[in-house]
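Close look at the chain arrangement
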Amino acid sequence: KNQVEQSPQSLIILEGKNCTLQCNYTVSPFSNLRWYKQDTGRGPVSLTIMTFSENTKSNGRYTATLDADTKQSSLHITASQLSDSASYICVVVILTGGGNKLTFGTGTQLKVEL
Amino acid sequence: DGGITQSPKYLFRKEGQNVTLSCEQNLNHDAMYWYRQDPGQGLRLIYYSQIVNDFQKGDIAEGYSVSREKKESFPLTVTSAQKNPTAFYLCASTRGGQGRYGYTFGSGTRLTVV
């Protein structure tokens, strides 16, 4: 069982529509949570970073939320565009004796169509 | 412009051959990382280096080797001991302190065994 689970695995939406991607995690102790966008054949690009005390953070049309009590995060995309088609990866950073450790989700593959 | 450059973009390896993937950054970042990405799995850490001339094994280091002779460079060698090397390899860098700062990723190298 993945320690960072994302849903749905894939999603198709029409251009201009909104969508919400989910991330549930079990790893601890929590340091911060990140969302990345990865275009096919490219490296991930950071969208948001949230610490324990932050409930929401926005980056343009992307808004991430975090509930550290229930260990859930979501990424909301508003007014989707064709260029939003990508994989969205949730990453949870935990504290360890040797420093912080990143645990990656498997991603949600989003396709935006006309 | 500052960034992180991986080369080559595509690499083909014959059975039993060692190959080296290049990663160079001009961001003046102290820490550098190598990840492996396989379909349906989250990124997995191969090796990381927090300072020059020092590096640590990640979760899947077997069959790989690295060096960090310069701050800017962190090449990864995939040896013949790596039984299933076909994957997408991502290099990343950060200012320091694993997980404390944002990561910058390269564009990746896709390695295929032929």
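Residues numbered from 1 in each chain as written. Chains lettered and ligands numbered in written order. Predicted model: local features only at pLDDT ≥ 70, side-chain atom pairs only at ≥ 80, totals over all residues. Heavy atoms only, no water.

1. A short note on the overall build of chain B
Assigned secondary structure in chain B consists of 0 helices and 11 strands. Each helix (α) and strand (β) of chain B, taken in turn from the N terminus, gives the series β-β-β-β-β-β-β-β-β-β-β. Whereas a compact globule of 114 residues would reach a radius of gyration of roughly 13 Å, chain B reaches 13 Å, a difference of no more than 12%. Viewed in the frame of its principal axes, chain B has a C-alpha envelope of about 35 × 30 × 25 Å. A buried classification covers 48% of the 114 residues belonging to chain B. Partitioning the intrachain contacts of chain B with sequence separation of at least 6 by distance along the chain shows that 54% fall at a separation of at least 24. Summed over its atoms, the accessible surface of chain B is roughly 5500 Å², and 45% of this surface lies on carbon and sulfur atoms. If the 13 positive side-chain charges of chain B are averaged to one point and the 10 negative ones to another, these points end up 4 Å apart. (Helix = DSSP H or I, 4+ residues; strand = E, 2+ residues; numbered from the N terminus. Rg over C-alpha atoms; globule rule 2.2 N^0.38 Å. Buried < 20%, exposed > 50% of the residue type's maximum accessible area, 1.4 Å probe, protein only. Contact = heavy atoms within 4.5 Å. Areas by Shrake-Rupley, 256 points an atom, 1.4 Å probe, with all protein chains shown as cover. Lys, Arg positive; Asp, Glu negative; His and termini not counted. Charge placed at Lys NZ, Arg CZ, Asp CG, Glu CD.)

2. Description of the nonpolar core
A:Tyr25, A:Leu33, A:Trp35, A:Leu75, A:Tyr88 and A:Val92 are the most contacted members of the largest nonpolar core, which totals 25 residues. Counting only elements with at least two residues in this core, the list comes to strand S3 (19–25), strand S4 (30–38), strand S5 (45–51), strand S7 (62–67), strand S8 (72–77), strand S9 (86–96) and strand S11 (108–113) of chain A. Looking at this core, the element that brings in the most residues is S9(A), giving 5 residues. Residues B:Cys23, B:Tyr47, B:Val78 and B:Ala87 belong to the second largest nonpolar core, which totals 19 residues. (Core = buried A, V, L, I, M, F, W, Y, C linked by side-chain atoms within 4.5 Å.)

3. Re the interface of chain B and chain A
For interface size, the figure often reported is the accessible area lost on association. Every contact between the two is made by 19 residues of chain B and, on the other side, 17 residues of chain A. At the junction of chain B and chain A, the tally comes to 1 salt bridge. Between B:Asp59 and A:Lys101 there is a salt bridge, with its nearest N and O atoms 2.9 Å apart. Where chain B meets chain A, there are 4 residue pairs in polar contact (both at pLDDT 80 or more). Listing elements by their share of the side of chain B that touches chain A, those giving two or more residues are strand S4 (31–37) and strand S9 (87–94) of chain B. Split into classes, the residues belonging to the side of chain B that touches chain A amount to 7 nonpolar, 9 polar and 3 charged. (Salt bridge = Lys/Arg side-chain N within 4 Å of Asp/Glu carboxyl O. Polar contact = N/O pair within 3.5 Å; in protein donor to acceptor, adjacent residues only side chain to side chain. Nonpolar A, V, L, I, M, F, W, Y, C, P; charged D, E, K, R; others polar.)

4. Describing the sheet that holds S8(A)
Sheet strands pair via backbone hydrogen bonds, and the direction of the pair is either parallel or antiparallel. All names here are of chain A. If you trace the 5 strands from one edge of the open sheet to the other, you get S1-S3-S8-S7-S6, paired in antiparallel fashion. The strands lining the two open edges of the sheet, one partner per strand, are strand S1 (4–7) and strand S6 (56–59). Pairs of neighbouring strands in the sheet enclose a mean axial angle of 15 degrees, with direction left out of account. As paired elements, S1 and S3 share 4 bridges and run antiparallel to each other. (Pairing = 2+ DSSP bridges. Axes fitted to C-alpha atoms, helices over the stretch in contact; angles between N-to-C directions.)

5. Considerations on the pairing of S9(A)
Looking down a regular strand, the side chains alternate between one sheet face and the other. Residues and elements named next belong to chain A. Of all 11 residues in S9, 9 are buried; the element is thus mostly enclosed. Direction of pairing for S9 relative to S11: antiparallel, over a ladder of 3 bridges. Following the sheet pairing, Ala-86 is matched in S11 by Leu-110.

6. A short note on the sheet that holds strand S7 (residues 64–66) of chain B
All names here are of chain B. The antiparallel open sheet is built from 4 strands, whose spatial order is S1-S3-S8-S7. Both outer strands of the open sheet, strand S1 (4–7) and S7, are each paired with one neighbouring strand and no more. Here the strands of the sheet are splayed against their neighbours by 20 degrees on average, with no regard to which way each runs. Relative to strand S3 (residues 19–25), S1 is paired through 4 bridges, and the arrangement is antiparallel. Across the sheet, Thr-5 pairs through a bridge with Glu-24, a residue of S3.

7. Examining the pattern of salt bridges
Tallied over the full model, the rule gives 7 salt bridges over all chains. In this structure, A:Arg61 engages A:Asp84 in a salt bridge whose closest nitrogen and oxygen atoms are separated by 2.8 Å. One end of the pair, A:Arg61, is in the loop between S6 and S7; the other, A:Asp84, is in the loop between S8 and S9, and 23 residues separate them in sequence. We note a salt bridge from B:Asp38 to B:Arg36, for which the minimum N-O separation is 2.8 Å. By relative accessible area, B:Arg36 is classed as buried at 4%.

8. Topic: the state of the cysteines
Residues and elements named next belong to chain A. Per the counting criterion, the structure on display carries 2 disulfides over all chains. Each disulfide pairs two cysteine sulfurs, and for Cys-23 the partner residue is Cys-90, the sulfurs being separated by 2.1 Å. Its S-S torsion of about -70 degrees marks the bond between Cys-23 and Cys-90 as left-handed, since a negative value means left-handed. Taken together, the residues Cys-23 in strand S3 and Cys-90 in strand S9 connect sequence positions 67 residues apart. (Disulfide = S-S within 2.5 Å.)

Function cannot be read off these values alone, since they describe shape.
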